[in-house]
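# Tertiary structure, described
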Amino acid sequence: METLTEIAAVIARHVSKDGFHATPIERVTLARSSTVTMPMPNVYRPQMCLVAQGQKEVTLGDRTFRYAPGRYGIVTYDLPATGQVVEATPDKPYLCLFLDFDPLMLGQLALRVPPPEAPRQPLGKTVSDAGARLLDAALRLLRLLDDPAALPVLGPLAEQEILYHLLAGPDGARMRHITSSQGRMAQVGRAIAWIGQNFRERFSIEQLAAEAGMSPSSLHEHFRAVTAMTPLQFQKQLRLQDARSLMLAQDIDTATAAFLVGYESPSQFSREYRRHFGEPPARDIARLRASPGLAVVA
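Everything in this summary refers to the structure shown in the same document. (Residues numbered from 1 in each chain as written. Predicted model: local features only at pLDDT ≥ 70, side-chain atom pairs only at ≥ 80, totals over all residues. Heavy atoms only, no water.)

What follows is about the sheet that holds strand 7 (residues 71-75). Spatial ordering of the open sheet is given by 1-2-9-4-7-10, a layout of six strands whose pairing is antiparallel. Edge positions in the open sheet fall to strand 1 (19-22) and strand 10 (125-129), since each of these has one partner strand only. Averaged over neighbouring strand pairs, the angle between their axes works out to 20° when direction is ignored. Alignment of strand 1 against strand 2 (residues 28-33), held across four bridges, turns out to be antiparallel. Residue histidine 21 lies in a different strand from strand 2, and its bridge partner there is leucine 30. Strands in contact with helix 4 (residues 151-168) are strand 4 (47-53), strand 7 and strand 9 (94-100); relative to strand 9, the strand with the most contacts, it is inclined by about 90°. (Pairing = 2+ DSSP bridges. Helix = DSSP H or I, 4+ residues; strand = E, 2+ residues; numbered from the N terminus. Axes fitted to C-alpha atoms, helices over the stretch in contact; angles between N-to-C directions. Contact = heavy atoms within 4.5 Å.)

This is the structure in structure tokens:
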């Protein structure tokens, strides 16, 4: 707990305002929230998230993951999920460290770390308790924020140590999916990437399966195992998130946003938007603009 307390102290010292903050350490982002937030959908990229203080929940498909202090989560594909800070106060804010994965560094380490004996389930997101060695490595990395001269030399070493512990730990099999270019998980990864690039367009499962090099039945089975949703549910979440971002950033109306992201029926879009976000589009956007502090993506 002393290590975790120091991690929280370092984050708090370098992040005084709510939100996400880039750091001089490449691929490291720090997050802070002094209040609980509303559920905010986002596309989570491959990364590690370590909560040092406060609590949050992330929902992927029909699965919900709870982060408490000292718990970390990993994401191994670009996945649409919904995050929410559920425990935070001005005196004790939610504090979190994000480390984006470098596929090249991870791939080189994976060749040197023995694979786990018992592969875990292929779901592309999980949450685990951080062991003492992983926390120590995370603290060493964060301490470099106070030592700019040592950062270029010691930063990559601390990052590699974190990746080593992830590869050697209970999520090592999942971590290897990021670097794999063969097998079912690599094919699912290609399907995920294809949808990410083409989600505004109509497509069939047969077309997607051909892009991934799989049969439609195999794609459906393995895609759901990795993402906790079907390919069409995955596409729908990407469309709705994109439409929400467009309405917030460009001040466009509901019908225009619906057509831009691929919906042919504004009424269908409004129904699905309300089911996903809890309110009709216009009301949801007005609430986000009125209370930007509640919209921090966890």
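Another point: the nonpolar core. Core analysis: the largest hydrophobic core is formed by 42 residues, its most contacted members being Ile7, Met48, Leu50, Leu97, Ile162 and Leu166. Breaking this core down by element, the ones donating at least two residues are helix 1 (2-14), strand 2, strand 4, strand 7, strand 9, helix 2 (103-110), helix 3 (132-143) and helix 4. By residue number, the principal contributor to this core is helix 3, which donates seven residues. Sequence-distant contacts of leucine 97, defined by excluding residues within four places in its chain, comprise Ile11, Val28, Thr29, Leu30, Met48, Cys49, Leu50, Ala138 and Leu142. Grouped together as the second largest cluster of nonpolar side chains are 39 residues, Val58, Tyr67, Ala209 and Leu219 included. (Core = buried A, V, L, I, M, F, W, Y, C linked by side-chain atoms within 4.5 Å. Buried < 20%, exposed > 50% of the residue type's maximum accessible area, 1.4 Å probe, protein only.)

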